[in-house]
Amino acid sequence: MNVIKLIDKLYQENSLAKNEIIYILNNIKNAEIDYLCEKAVITRKKYYDNKVFIRGLIEFTNYCKNDCYYCGIRRSNRNISRYRLNLDEIMSCVDLGYKLGYKTFVLQGGEDNYFTDDKIIEIVKSIKNKYNDCAITLSIGEKSYDSYKKFFDAGADRYLLRHETATKDHYEKLHPKNLKLSNRINCLKNLKDIGYQVGAGFMIDSPYQSNENLAEDLIFIKELNPEMVGIGPFISHHDTIFKDEPTGSLEKSIIILALTRLLLPSALIPATTALGTINPKGREAGLNAGCNVVMPNLSPTNVRSKYALYDNKICTGDEAAECRKCIEKRINMAGYILDTSRGDNINWNRPL
Ligand code: SF4
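Residues numbered from 1 in each chain as written. Predicted model: local features only at pLDDT ≥ 70, side-chain atom pairs only at ≥ 80, totals over all residues. Heavy atoms only, no water.

Things to note about the environment of Asn27
Inspection of the secondary structure puts Asn27 in helix α2 (residues 18-27). Judged by its relative accessible area of 28%, Asn27 is partly exposed. Once the C-alpha coordinates of Asn27 and Asn2 are considered, the two residues, 25 residues apart in sequence, prove to be 8.8 Å apart. Sequence-distant contacts of Asn27, defined by excluding residues within four places in its chain, comprise Val3 and Glu32. (Helix = DSSP H or I, 4+ residues; strand = E, 2+ residues; numbered from the N terminus. Buried < 20%, exposed > 50% of the residue type's maximum accessible area, 1.4 Å probe, protein only. Contact = heavy atoms within 4.5 Å.)

Let's talk about the site of the ligand
Taken together, Cys64, Asn66, Cys68, Tyr70, Cys71, Ile73, Arg74 and Gly110 are the residues near the ligand. Looking at the shell around the ligand residue by residue, the classes come out as 5 nonpolar, 2 polar and 1 charged. (Near = heavy atom within 4 Å. Nonpolar A, V, L, I, M, F, W, Y, C, P; charged D, E, K, R; others polar.)

Let's talk about the pattern of salt bridges
Using the criterion set out here, one finds 23 salt bridges in the structure. With its nearest N and O atoms 2.8 Å apart, the salt bridge here joins Lys18 to Glu216. In this pair, Lys18 sits in helix α2 while Glu216 sits in helix α9 (residues 211-224), placing the two residues 198 residues apart along the sequence. Residue Lys18 is classed as partly exposed on the basis of its relative accessible area, which comes to 28%. Overall, Glu216 belongs to the partly exposed group, its relative accessible area being 23%. As a salt-bridge pair, Lys150 and Asp117 come within 3.4 Å of each other at their nearest N and O atoms. Of this pair, Lys150 sits in helix α6 (residues 145-154) while Asp117 is found in helix α5 (residues 117-130), placing the two residues 33 residues apart along the sequence. By relative accessible area, which is 38% here, Lys150 ends up partly exposed. Here the salt bridges share partners, and the residues they tie into one network are Lys128, Asp157, Arg158, Arg342, Asp344 and Arg350. (Salt bridge = Lys/Arg side-chain N within 4 Å of Asp/Glu carboxyl O.)

What about the packing of aromatic side chains?
Summed over the entire model, instances satisfying the criterion amount to 8 aromatic pairs. Consider the rings of Tyr208 and Phe242, whose centres lie 6.3 Å apart with planes at 75°: the pair is edge-to-face. Of this pair, Tyr208 sits in the loop between β6 (197-204) and α9 while Phe242 is found in the loop between β7 (228-233) and α10 (250-263), placing the two residues 34 residues apart along the sequence. Classification of Tyr208 by relative accessible area gives exposed; the value is 55%. Members of the aromatic cluster, each reached through a chain of ring pairs, are Tyr148, Phe152, Tyr159 and Tyr196. Lys103 extends its terminal NZ or CZ atom over the ring of Tyr98, reaching a point 5.1 Å from the ring centre. (Phe/Tyr/Trp six-rings, centres within 6.5 Å; stacked < 30°, edge-to-face > 60°. Lys NZ or Arg CZ within 6 Å of the ring centre and 35° of its normal.)

Considering unusual backbone geometry
The residue Asp205 is not glycine, and still its phi comes out positive at about 65°. Here Asp205 is to be found in the loop between β6 and α9. Overall, the relative accessible area of 25% leaves Asp205 in the partly exposed class. With a phi close to 55°, Asn225 is a non-glycine residue in the positive phi region. Within the secondary structure, Asn225 is located in the loop between α9 and β7.

Focus on the pairing of β7
Of all 6 residues in β7, 6 are buried; the element is thus mostly enclosed. Both faces of β7 are covered, namely the face carrying Met228, Gly230 and Gly232 and the face carrying Val229, Ile231 and Pro233. Relative to β7, β6 runs parallel, the two sharing 6 bridges. Each residue of the ladder has a partner; that of Gly199, found in β7, is Met228. A crossover links β6 with its parallel partner β7, the connecting element being α9, and its sense is right-handed. (Pairing = 2+ DSSP bridges. Right-handed = clockwise from strand over helix to strand, strands pointing away.)

As structure tokens, this is what we get:
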């Protein structure tokens, strides 16, 4: 096998076998990474030109009933101060975001039972009634088919649920026993079935992760065919058992992002905040590896640092207007244009 030949094959066919992906991950060198990124950028331009879509992130609760071992807001962390935004506070974030040109709002939180289905529906409907030209993305974890369906019928368009790793024993090393990979995959399939634009995703260099695990993640997303894929480097949180684990590498993140672009050419792929946290130019590097989305924070600044999934998260003190300006400048400097439309996946139509 030869890395360049495999990249060419992937570019032409948008598909590779698991052993071919592992071969690339084990053998790719600097010049080949540049070549891979070049192909990823050509591919994203074919589908989305040089547009980068912008999403306003509202982290509305940091309560969570789960205890994922890597997560700073997991249930058993007693050292963080918990908060919930009420409907008025959420709407203030949306109002501000709308004024700044956002047409997608991502409502993200831990799995917080306080927010019953009815409360989520009320939030979704309140946003849609006021701004019906906007898309709503939910990122609130594992729910039943019926709950997902109710949120969709209320107007939610997209749902982010990272699978974190597609390998069962790796999943079990990152999560307590009550959390099952099979359930997570089932949730993703239900979301697809209902008609959401679905986002799966995973961390790079999470504890115990091998190149084989990463290849399985890529094969998994190829099969699931999500409309969005969130990928970011692992960054430890000081109040977790993984506190001393090394930070994920920018280089490997870039390789996986570019491979993802070539496997799923029309996907919406964010240049994540985690990328910007491990390197000041990390998000720009993501854009140059095929990413086409950014998600600046719209949460009130007084709660931002409390939504700490990992340590040293950037942009926790910046006002929303500043984040918006800063991100636009970065996008332009990287040679792209910020696009303020809803930014749906071009292959998605809301089912009637
Ligand atoms: S990763 Fe998500 S589900 Fe797991 S503890 Fe953190 S917020 Fe909760």
